[in-house]
Amino acid sequence: MKKNKEKVISIIGHFGGNENFLDGQTVKTKTLYEELKQNTNWKIIKVDTYYKNKNPIKLICDTIKCILKTKQIIILLSGNGMKFYFPLLSFLANKFHYKIYHDVIGGNLDQYVIRFPKYKKYLNSFAVNWVETNSLKEKLNKCEINNCDVIPNFKKLKIEKSKKYITDEKTTFNFCTFSRVMEDKGITEAAEAINCLNKKYQKKFSLYLDIYGPVEKEYKNQLNKLIKNENISYKGIVPYDETTQILKNYDVLLFPTKWKGEGFPGTIIDAFSAGLPVIASDWNSNSEIVKNKKNGLIFPTKDNPTLMSAVETLILNVDLIKKMEKNCLKDAKKYQPDKYVNSIIKMISFDNKL
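Once a new chain begins, its residue numbering starts again from 1 and follows that chain's sequence as written. For this predicted model, a pLDDT threshold of at least 70 governs which residues receive local features, and a threshold of 80 or more governs which side-chain atom pairs are given and counted, while totals over whole chains, interfaces and linings are taken from all residues. In computing side-chain properties, one takes all heavy atoms of the structure into account and sets aside hydrogens as well as water.

Peer 1: Please clarify how the overall build of the protein should be interpreted in this entry.
Peer 2: Scanning the protein for helices and strands turns up 15 helices and 12 strands. Relative to the globule expectation of 20 Å for 354 residues, the C-alpha radius of gyration of the protein, 22 Å, shows essentially globular dimensions. Once the C-alpha set of the protein is aligned to its principal axes, its extents read approximately 75 × 45 × 40 Å. Here the term buried applies to any residue with accessible area under 20% of the maximum for its type, exposed to any over 50%, and partly exposed to those in between, with areas from a 1.4 Å probe on protein chains only. For the protein, the proportion of its 354 residues judged to be buried stands at 54%. Across the protein, every contact between residues at least 6 apart in sequence was considered, and the portion connecting residues at least 24 apart equals 73%. All accessible areas in this document rest on Shrake-Rupley with a 1.4 Å probe, and a residue is counted as covered only by the protein chains that are shown. About 17,600 Å² of surface is accessible on the protein, with carbon and sulfur atoms providing 48% of the total. Averaged over its 59 positive side-chain charges, the protein has a centre that lies 6 Å from the centre of its 38 negative ones. The way it works is that DSSP assigns letters per residue, a run of H or I at least four long becomes a helix, a run of E at least two long becomes a strand, and they are numbered from the N terminus. All radius of gyration figures rest on C-alpha atoms, and the globule criterion is 2.2 Å times the number of residues raised to 0.38. Working rule for contacts: check all heavy atoms of both residues, and any pair within 4.5 Å makes them a contact. Counted charges follow a simple rule, with Lys and Arg positive, Asp and Glu negative, and His plus the chain ends left uncounted. Taken as the charge location is NZ of Lys, CZ of Arg, CG of Asp or CD of Glu.

See the structure below:
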């Protein structure tokens, strides 16, 4: 009896070598790899773009190996990765019928297409471009990229149980940020909002802000200034599979981002899974995920007084936090991997022979 031929697929993305990277791109790449590994019997070849600077010869050899072993290639690439891999993989797709499945990182791919017109040809040559939000799909459609499907960011996280609030007696509120610690993630604005409200309600409420995540070098001095305030603390880095265990101890996540590459932020999934409402800036696709007064609050980007007002709304209305917490836990189920991984598996075609 003839044995079935082994199914082989490659994933090109940032796995981080032997280091423990916790950025969204690396977490997304590793999550997809682990889910496909657990849910298929495929042989999966990893091509780690981490080695671009560390060991470029290894990266080139691994890329050649993946091209020779399979015509089914999933890519998760940053801006630099796109510049190198898009022309190569588009050529393979057009000339040799490779199937390229582009799992888009971030939310500004349309800006790359506008800046680099050749990207339109590259993207249209791929089997599919999986984008994280409907708004990005619409933007790419306007750029004449029509092979887009929406697969939101997802994480395999434990969904925590509901917390109990004593409405009339709650005077201490614990807030946090959970992202890269940098200016464009709105860390300064978050700290300023907490400080201002502590001054305003010093005889009634105590507000605390804990900051989590890797610190950008350029932001270290600013962070040191912020944490001189006794209500502001830096708590370090949390492994991506332990986030809900930490976040469940907080009341609300602050996410006043203005970072240009923001797509479907994994930190929002972390927060929802821990039952935390999210106060987020109306930036990129945040309002597509955070529904105002249902699972969080949306405020105009770069408007610190409105961020303060949003925080104030919740400390004065603990019942609203409790109501939104239930919706967060419910919404967290939407971003578990099973449904989306099964869709990805069904889309992969192994018809083409090398």
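Now that the structure is up, let's keep going.
Peer 1: Please explain the packing of aromatic side chains as it appears in this structure.
Peer 2: Here the distance between the centres and the angle between the planes together describe a pair of aromatic rings. The pairing test for Phe, Tyr and Trp rings, Trp by its six-membered ring, is centres within 6.5 Å, and the orientation test on the planes gives stacked under 30 degrees, edge-to-face over 60, and tilted for anything in between. Following the criterion strictly, the structure yields 18 aromatic pairs and no others. Geometrically, the ring pair formed by Y50 and Y51 is edge-to-face, given 5.0 Å between the ring centres and 80 degrees between the ring planes. As far as the burial class goes, Y50 and Y51 line up, both buried. Chaining the aromatic ring pairs together yields one cluster made of F86, Y112, F116, Y119, Y122 and F126. If you follow K46 out to its NZ or CZ, it ends over the ring of F15, 4.9 Å from the centre. Distance and angle both matter: a charge sits over a ring if NZ of Lys or CZ of Arg is within 6 Å of the ring centre and within 35 degrees of the ring normal. Directly above the aromatic system of Y51 lies the positively charged group of K58, at a separation of 5.1 Å from the ring centroid.

Peer 1: Please explain the sheet that holds strand β5 (residues 128–131) as it appears in this structure.
Peer 2: DSSP-based pairing: two strands are paired if at least 2 bridges between them are found. The strand order across the open sheet formed by six strands is β2-β1-β3-β4-β5-β6, and the pairing between neighbours is parallel. Only two strands of the sheet have a single partner each, and these edge strands are β2 (43–48) and β6 (148–150). Sheet twist, expressed as the average angle between the axes of neighbouring strands with direction ignored, equals 20 degrees. Relative to β6, β5 runs parallel, the two sharing three bridges. To get an axis, a line is fitted to the C-alpha atoms, and for a helix only the part in contact is used. The angle between two axes follows their N-to-C directions and goes from 0 to 180 degrees.

Peer 1: For this particular structure, what's the right way to read unusual backbone geometry?
Peer 2: What you tend to see is this: most non-glycine residues have negative phi, and most peptide bonds are trans. Unusually for a residue other than glycine, E144 sits at a positive phi of about 70 degrees. Examined against the element boundaries, E144 turns out to sit in the loop between α7 (134–142) and β6. By relative accessible area, E144 is classed as partly exposed at 48%.

Peer 1: Where do I start with the pattern of salt bridges in this structure?
Peer 2: Proximity of charged atoms lets side chains of opposite charge pair with each other. We count a salt bridge whenever a side-chain nitrogen from Lys or Arg sits within 4 Å of a carboxyl oxygen from Asp or Glu. For the coordinates displayed, the defined rule picks out 13 salt bridges. Notably, a salt bridge pairs D103 with K28, separated by 3.3 Å at the nearest N-O pair. Here D103 is found in strand β4 (residues 99–103), whereas its partner K28 is found in helix α1 (residues 24–39), with 75 residues between them in sequence. Between D270 and K155 there is a salt bridge whose closest N-O contact spans 3.0 Å. Of this pair, D270 sits in helix α11 (residues 266–273) while K155 sits in the loop between β6 and β7 (172–178), placing them 115 residues apart in sequence.

Peer 1: Help me out: how do you make sense of the packing of helix α3 (residues 56–69) against helix α4 (residues 79–96) in this one?
Peer 2: In a packed pair of helices, the relevant descriptors are the angle between the two axes and the axis-to-axis distance. Across the interface, α3 lies against α4 with an axial gap of 13 Å and an inter-helix angle of 20 degrees. Here α3 lies roughly parallel to α4, going by the angle between them. Handedness of the crossing formed by α3 with α4: right-handed. In this structure, α3 contributes L59, T63 and I67 to the contact, and α4 contributes Y85, L88 and L92. Only Asp, Glu, Lys and Arg are considered charged in this grouping, and only Ala, Val, Leu, Ile, Met, Phe, Trp, Tyr, Cys and Pro are considered nonpolar; every other residue, Gly among them, is considered polar. Residue composition of the contact of α3 with α4, grouped by class: five nonpolar, one polar and no charged. If an angle is under 35 degrees, it is roughly parallel; if it is over 145, roughly antiparallel; if it lies from 65 to 115, roughly perpendicular; otherwise it is oblique. Rotating anticlockwise by less than a right angle from the far helix to the near helix defines a left-handed crossing, while the corresponding clockwise rotation defines a right-handed one.

Peer 1: Even after reading the chapter, I still don't get the nonpolar core, so can you show me in this structure?
Peer 2: Inside soluble globular proteins, nonpolar side chains tend to come together where they are buried. Buried residues of nine kinds, namely Ala, Val, Leu, Ile, Met, Phe, Trp, Tyr and Cys, make up a nonpolar core once their side-chain atoms join them within 4.5 Å. Grouped together as the largest cluster of nonpolar side chains are 33 residues, with contacts concentrated most on I12, I73, I75, F86, L89, I100 and L140. Those elements that place two or more of their residues in this core are β1 (8–13), β2, α3, β3 (72–75), α4, α5 (109–115), α6 (118–125) and α7. For this core, the element with the most residues is α4, which contributes six residues. Aside from chain neighbours lying at most four places away, what touches L89 is I12, I73, I75, I100 and F126. Counting residues in hydrophobic clusters, the runner-up holds 32 residues, among them F173, L297, F299 and L307.

Peer 1: Please explain the state of the cysteines as it appears in this structure.
Peer 2: In protein structure, a disulfide is the covalent linkage between the sulfur atoms of two cysteines. Sulfur atoms of two cysteines make up a disulfide when they are within 2.5 Å. Inspection of the entire model under this criterion finds zero disulfides. C328 provides the cysteine sulfur closest to C176, a residue in no disulfide bond, and the two sulfurs are 12 Å apart. By relative accessible area, C176 is classed as buried at 0%. Considering cysteine sulfurs only, C176 is the nearest to C196, which forms no disulfide, with 19 Å between them.

Peer 1: What am I meant to see in the pairing of β4 here?
Peer 2: Remark: a regular strand shows side chains that alternate across the two faces of the sheet. Within β4, four of the five residues are buried, leaving the element largely enclosed by the surrounding structure. Note: β3 against β4, four bridges, orientation parallel. Within β4, the residue paired with I73 across the bridge is I100. Each parallel crossover has a hand, and the one from β3 via α4 to β4 is right-handed. The sheet contact formed by β4 and β5 spans three bridges and is parallel. Residue Y101 lies in a different strand from β5, and its bridge partner there is V128. Crossovers are marked right-handed if the path from the first strand over the helix to the second runs clockwise, as seen with the strands pointing away from the viewer.

That is the geometry; function is a separate question.
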